[in-house]
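Letter by letter, the chains look like this.
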Amino acid sequence: MGGLAQFWQQGDALSHLVALALLAMSMASWFVILWKAALLWRATRRVPAGIAAYWGAASASEAAAATQAADPDGLSSLMADTAARLARPDTAHRWQSHEDRVTRELREALQAAQRRLQAGHVLLASVGSTAPFVGLFGTVWGIYHALTAIAASGQISVDKVAGPVGETLIMTAAGLAVAIPAVLAYNALSKRARRVQGALEGFAHDLQRLLATRPVV
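Scope of this entry: the structure provided in the associated data block. Because the structure is a prediction, the values reported are computed rather than measured.

Turning our eyes to something else, we now look at the packing of helix H4 (residues 75-87) against helix H5 (residues 98-118). Contact geometry for H4 and H5: axes closest at 9 Å, N-to-C directions at 160°. Taken together, the axes of H4 and H5 lie roughly antiparallel to each other. The way H4 lies across H5 gives a crossing that is right-handed. Between H4 and H5, the contacting residues are Leu75, Leu78, Met79, Thr82, Arg85 and Leu86 on the first element and His98, Arg101, Val102, Glu105, Leu106, Ala109, Leu110, Ala112, Ala113, Arg116 and Leu117 on the second. Here the contact of H4 with H5 is composed, by residue class, of 11 nonpolar, 2 polar and 4 charged.

Following this line, the structure appears as structure tokens:
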């Protein structure tokens, strides 16, 4: 902590800006990591339960409500609600075939669920790829700033250079400390999201086959 405090005291406005940027990136990535980990942990249990509840319902009219009860997050119920709407006669779409309407609306419901599953992944990927370079930039600028200050003081020696230059390496370590959790979380969360997405795609495909062949009232 002493080296970090001394680096902060010796740094200029740009060094402080880089440090604050890394702090903001770390806070944002950890917020996304914790939020998405909780969401996907629930989804891996609730989505299969919601799909099973839909097919296990006593009637088509009860299927959407059963899915919503089993999956309160609404990932599988997005398509169950769409299926319930598609099962009702709709004179507003006389110009469009029923099969085309089923395909389009189920695709839109699936895409909405996928957007929720993938939310925050771009931020994690961005932090993982840019944080090391932000930290490296802070280190390079800190070394330049430290060497300029030493040269201006006229006291150039190994011990005078090693201390300030060594302290600037904190920025490189900070960049890696921000990037590594973001990259690991991105890979782990993406794998779990793909698993849930596969279940939803299968559900959408089954609903499409059911509704395209015969509207369920």
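Moving on, we get to the environment of Ala21. Relative to the elements of secondary structure, Ala21 occurs in helix H2 (residues 13-56). Separated by 110 residues in the primary sequence, Ala21 and Ala131 have C-alpha atoms spaced 9.0 Å apart.

Turning our eyes to something else, we now look at the pattern of salt bridges. Applying the stated rule across the entire model yields 2 salt bridges. Ionic pairing is found between Arg104 and Glu105, a salt bridge with its closest N-O pair at 3.7 Å. Accessibility expressed as a relative area gives 23% for Arg104, which makes it partly exposed. Glu105 gets classed as buried once you look at its relative accessible area, which sits at 8%. Two residues, Arg104 and Glu108, come together in a salt bridge whose shortest N-O distance is 3.7 Å.

A word on the nonpolar core. Counting residues in hydrophobic clusters, the biggest one holds 42 residues, and the most contacted among them are Met79, Leu117 and Leu200. Looking at this core, the elements with two or more residues in it are H2, helix H3 (60-70), H4, H5, helix H6 (121-153) and helix H7 (158-213). Top contributing element to this core by residue count: H7, with 13 residues. In this structure Met79 touches Leu106, Ala109, Leu110, Leu200, Phe203, Ala204 and Leu207, once residues within four positions along its chain are discounted.

Right, let's talk about the packing of H3 against H4 for a bit. Two numbers describe how H3 lies on H4: the axes approach to 9 Å, and their chain directions differ by 170°. Considered as vectors, H3 and H4 are oriented roughly antiparallel to each other. Of H4, the residues touching H3 (which contributes Ala64, Thr67 and Gln68) are Ser76, Ser77, Ala80, Asp81 and Ala84. Tallied by class, the residues present in the contact of H3 with H4 amount to 3 nonpolar, 4 polar and 1 charged.

Once that is clear, we can look at a nonpolar patch on the surface. Together, Leu20, Leu23 and Met27 give the surface a local cluster of nonpolar side chains, amounting to about 310 Å² of exposed area. With respect to the helices and strands, Leu20 occurs in helix H2. Classification of Leu20 as partly exposed rests on a relative accessible area of 46%.

On to H2. Taking 1.5 Å of rise per residue, the 44 residues of H2 would be expected to cover 64 Å, and the 63 Å separating its terminal C-alpha atoms lies within 8% of that figure. Ala43 marks the point of greatest bend in H2, at about 35°.

The subject of this paragraph is a positive patch on the surface. Positive charge collects at one region of the surface, where Lys191, Arg192, Arg194 and Arg195 lie side by side. Looking at the element boundaries, Lys191 is found in helix H7.

Summed over the entire model, instances satisfying the criterion amount to 3 aromatic pairs. Between Tyr54 and Trp55, the aromatic rings sit 5.0 Å apart at their centres with planes inclined by 90°, giving edge-to-face as the arrangement. Judged by relative accessible area, Tyr54 falls into the buried class, the value being 9%. Since its relative accessible area comes to 41%, Trp55 is described here as partly exposed. Considering the side-chain rings of Trp55 and Phe203, the 6.1 Å spacing of their centres and the 85° angle between planes classify their relative orientation as edge-to-face. A residue pair is termed long-range when its members are at least 10 positions apart, and Trp55 in helix H2 and Phe203 in helix H7 qualify at 148 residues. With relative accessibility at 1%, the residue Phe203 sits in the buried group.

Each value, and the rule that gives it
- Residues numbered from 1 in each chain as written.
- Predicted model: local features only at pLDDT ≥ 70, side-chain atom pairs only at ≥ 80, totals over all residues.
- Heavy atoms only, no water.
- Axes fitted to C-alpha atoms, helices over the stretch in contact; angles between N-to-C directions.
- Helix = DSSP H or I, 4+ residues; strand = E, 2+ residues; numbered from the N terminus.
- Parallel < 35°, antiparallel > 145°, perpendicular 65-115°, else oblique.
- Left-handed = near helix turned anticlockwise from the far one by under 90°.
- Contact = heavy atoms within 4.5 Å.
- Nonpolar A, V, L, I, M, F, W, Y, C, P; charged D, E, K, R; others polar.
- Salt bridge = Lys/Arg side-chain N within 4 Å of Asp/Glu carboxyl O.
- Buried < 20%, exposed > 50% of the residue type's maximum accessible area, 1.4 Å probe, protein only.
- Core = buried A, V, L, I, M, F, W, Y, C linked by side-chain atoms within 4.5 Å.
- Patch = residues over 30% accessible without salt bridge, like charges linked within 9 Å, V, L, I, M, F, W, Y side chains within 5 Å.
- Areas by Shrake-Rupley, 256 points an atom, 1.4 Å probe, with all protein chains shown as cover.
- Expected span 1.5 Å × (residues − 1).
- Bend = angle between axes of the 7 residues up to and from the residue.
- Lys, Arg positive; Asp, Glu negative; His and termini not counted.
- Charge placed at Lys NZ, Arg CZ, Asp CG, Glu CD.
- Phe/Tyr/Trp six-rings, centres within 6.5 Å; stacked < 30°, edge-to-face > 60°.

None of this, on its own, says anything about what the molecule does.
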